[in-house]
Structures are given as C-alpha cells and as structure tokens.
Amino acid sequence: MEGFEALIAMLDFTLDSRRKRHIVGGLLLSVSMLFGGLALTAMTLKTEEKEDEQ
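**Q** Any chance you could explain the overall build of the chain here in plain terms?
**A** Looking only at helices and strands, the chain features 2 helices and 0 strands. Classification of the 54 residues of the chain by burial places 0% in the buried group. A total accessible area of about 5800 Å² is found for the chain, and carbon and sulfur atoms account for 63% of it.

**Q** What is the right way to look at the pattern of salt bridges in this model?
**A** Where side chains of opposite charge bring their charged atoms close, a pairing between them can arise. What the rule picks out here adds up to 1 salt bridge. The salt bridge involving Lys20 is made with Asp16; its shortest N-O contact spans 3.4 Å. Residue Asp16 is classed as partly exposed on the basis of its relative accessible area of 47%.

**Q** Please explain a nonpolar patch on the surface as it appears in this structure.
**A** Side chains of Met1, Phe4, Leu7, Ile8, Met10 and Leu11 sit close together on the surface and give an oily, nonpolar patch of about 640 Å² of accessible area. Take Ile8: it is sitting in helix H1 (residues 2–14).

What counts, and where the lines are drawn
Residues numbered from 1 in each chain as written. Predicted model: local features only at pLDDT ≥ 70, side-chain atom pairs only at ≥ 80, totals over all residues. Heavy atoms only, no water. Helix = DSSP H or I, 4+ residues; strand = E, 2+ residues; numbered from the N terminus. Buried < 20%, exposed > 50% of the residue type's maximum accessible area, 1.4 Å probe, protein only. Areas by Shrake-Rupley, 256 points an atom, 1.4 Å probe, with all protein chains shown as cover. Salt bridge = Lys/Arg side-chain N within 4 Å of Asp/Glu carboxyl O. Patch = residues over 30% accessible without salt bridge, like charges linked within 9 Å, V, L, I, M, F, W, Y side chains within 5 Å.

Next up, the structure:
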C-alpha cells in the first residue's frame, strides 16, 4: 500500500503545473497513436496460407 501512496504522490508532484500536464498529455496522445497504428497494421496484414506439399 505504501508503493501506491508513493506513486500517487509522485504523480501529484509531477503534474503540478499546467505546462507539465500539457507535455504529459501530448506524450500520452503520441503513444496511443503509435499503438493504434501498430494495431491497424497488424489487423490489415494478410496471412499467407502455407500449401501442404504432398
């Protein structure tokens, strides 16, 4: 439980100004767009079916 309290205290200290919140928001948007692009790429890839050689 102490670890959780330390995490909350760190986040409170980190995001104490408007500028810092703006920077963190931009980073979160960038990361979400990166993973969204990766997910879209993974969904659109065609899987090549291997033909059984007999």
